[in-house]
Amino acid sequence: MAPKNPYTGYRDQLTTLNESGKRRWLYAQQPKGKLYNYRNIVSYTLLTLLFAIPFIKLNGEPFLLFNILERKFILFGVQFWPQDFHLFLYSMITLFVFVVLFTVSYGRIWCGWACPQTVFLEFIFRRIEYLIEGTPAQQRKLNAQSMNFNKFWRKTLKLSLFYAICFSITNAFLSYIIGIDQLLEIMKAPISDHSVGFTVAVLFSTVMFFVFTKLREQVCTMICPYGRLQGVLLDSNTIVVAYDYKRGEERAPLEAGEDREEDGKGDCIDCYQCVDVCPTGIDVRDGTQLECINCTACIDECNSVMDWVGKPRGLIRFDSEKNIAEGNKQKWPVRKIAYTVVLCILLAVVAMLFSSRTDLEAIILRTPGLMYQAQENDSISNMYSFKIVNKTNAATPIHFKIMNHEGSIKVIGEAFNAGASAIKEGVFFAILPQKEITSDNIPITIGVYADTRLIEEVELTFVGPN
Ligand code: SF4
Ligand code: SF4
């Protein structure tokens, strides 16, 4: 039977609350190490993308646009219309299943590595704090002081920078909603011309400022619904940031000349480095906790401690509770492989659906209530109404052709273009010579062409005389 972790004080009290229930401010050490270097690369890549993507255009369209106000959505330069709602629905279902399966298999990696809350807090705001207010010990000392010139200028500079960054991030988000061109125009115009928009931006920036100056880790541990779901999503097979208690216990400080094995001591030297570096203030040695955002800072920290004491790395590592309990090295049980395959299939299905989406969509219906019309040259006609949805930003000439019979199409009005990002509606006659009318209900296929490209074939019926 696996030894039990005897240190259970964490069950009685949140690490961010003191005994009287008041907030205990966390002064997390800045991490260092291989994984932190990787996080730096991931985070600054994501930040660069956040600010650069609004400037990228494909085929004259923004790369990404989520204009909820005008119901205009663009993904990878391609416009999505309400007619594409089924794709949105599939994507949402896939996303939901993906999030569940991914979390069940790989834990909360998203939180520590890619969530905007973590990226902004750890790689922008806390970095600035270290630069202006110094190390956690110096910050603690500064906060304990009553107001003086040193404290005043440091706090003023830090908070001003924080607010300016929050305002910039708000504008970056805004550019994904209204587009960068419109945002730049608004910026050039006087504030009075856009007082409502400006007020909303200031309010949003203020909320963000409050989140990064005051709330901080409370967002991850108490507010975020994804964080709260961990309790039901994780199980003993999930890969999490875990402390190998079988190897680490009994924890005890390092003593000169000791033989730890002989003394029954484990590899953990109880240095608390892993706790000091934790941005949510928990002790990973207490087991998997809701507060752990899988940031891996404690892995880096403990690895450097293990290097220093000459023990193998990995006392804290990515592993499952079950593997640690059973001393099992297999990190990829069949279930995890199966989930990963399902995740890949889901992504492939959505990618296929998106790639099969058409830029132009045609709906043709026989005009209700009308029978056939006798035409010159011994021909019969039926009237149809059409609707062409052009999802591109270029006008396209449209014409129709009867695919499975001899005959012709006569559009009421002039030859027309489906306007850029517009819906064109109209009416046409399909005309068949009498010899093609073999019954009173003939299947007819109408081809819809955008210029010379066949975009759709619509199956209809043609009513003729008995
Ligand atoms: S950093 Fe490693 S050795 Fe130090 S307390 Fe944490 S688990 Fe133990
Ligand atoms: S326990 Fe480790 S991985 Fe989890 S939040 Fe703290 S430092 Fe990050």
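Values in this document were obtained by computation on a predicted structure and should not be read as measured data.

**Focus: the environment of Ile-177**
Looking at the element boundaries, Ile-177 is found in helix α6 (residues 149-178). Overall, the presence of 16 C-beta atoms within 10 Å leaves Ile-177 in the partly exposed class. Spatially, the C-alpha atoms of Ile-177 and Leu-65 are 5.8 Å apart, while their sequence positions differ by 112 residues. Those residues in contact with Ile-177 that lie beyond four places of it in its chain are Phe-66, Asn-67 and Ile-68.

**Topic: the site of ligand 2**
Among the 15 residues in the neighbourhood of ligand 2, the closest are listed as Cys-278, Val-284, Cys-292, Cys-295 and Cys-298. A class-by-class count of the residues in the shell around ligand 2 yields eleven nonpolar, four polar and no charged.

**Some details on the packing of helix α4 (residues 116-133) against α6**
A pair of packed helices is captured by two measures, namely the crossing angle of their axes and the spacing between those axes. Orientation of α4 relative to α6, taken along the N-to-C sense of each, is 160 degrees, at an axis distance of 9 Å. Classified by the angle their axes make, α4 and α6 are roughly antiparallel. Here α4 runs over α6; the crossing is right-handed. Together, Phe-120, Ile-124, Phe-125, Ile-128, Glu-129, Ile-132 and Glu-133 of α4 and Arg-154, Leu-157, Lys-158, Leu-161, Phe-162, Ile-165 and Ile-169 of α6 make up the contact between the two elements. By residue class, the composition of the contact of α4 with α6 is ten nonpolar, no polar and four charged.

**Quick look at α6**
The first and last C-alpha atoms of α6 sit 43 Å apart over 30 residues, in line with the 44 Å expected at 1.5 Å per residue. Those residues of α6 lying buried are Cys-166, Ile-169, Thr-170, Ser-175 and Ile-178. Packing partners of the buried residues in α6 comprise β3 (64-67), α4, α7 (180-188) and α8 (195-215). A positive phi of about 95 degrees marks Gly-179, the residue just after α6.

**Points about the domain arrangement of the protein chain**
For the protein chain, the assigned domains read domain 1 (20-232), domain 2 (235-351) and domain 3 (360-463). The distance between the C-alpha centroids of domain 1 and domain 3 comes to 50 Å. In this assembly, six residues from domain 1 lie in contact with six residues from domain 3.

What counts, and at which threshold
Residues numbered from 1 in each chain as written. Chains lettered and ligands numbered in written order. Predicted model: local features only at pLDDT ≥ 70, side-chain atom pairs only at ≥ 80, totals over all residues. Helix = DSSP H or I, 4+ residues; strand = E, 2+ residues; numbered from the N terminus. Buried ≥ 20, exposed ≤ 12 C-beta atoms within 10 Å, placed from the backbone. Contact = placed C-beta atoms within 7 Å. Near = placed C-beta within 6 Å. Nonpolar A, V, L, I, M, F, W, Y, C, P; charged D, E, K, R; others polar. Axes fitted to C-alpha atoms, helices over the stretch in contact; angles between N-to-C directions. Parallel < 35°, antiparallel > 145°, perpendicular 65-115°, else oblique. Left-handed = near helix turned anticlockwise from the far one by under 90°. Expected span 1.5 Å × (residues − 1). Domains from an automatic or database assignment.

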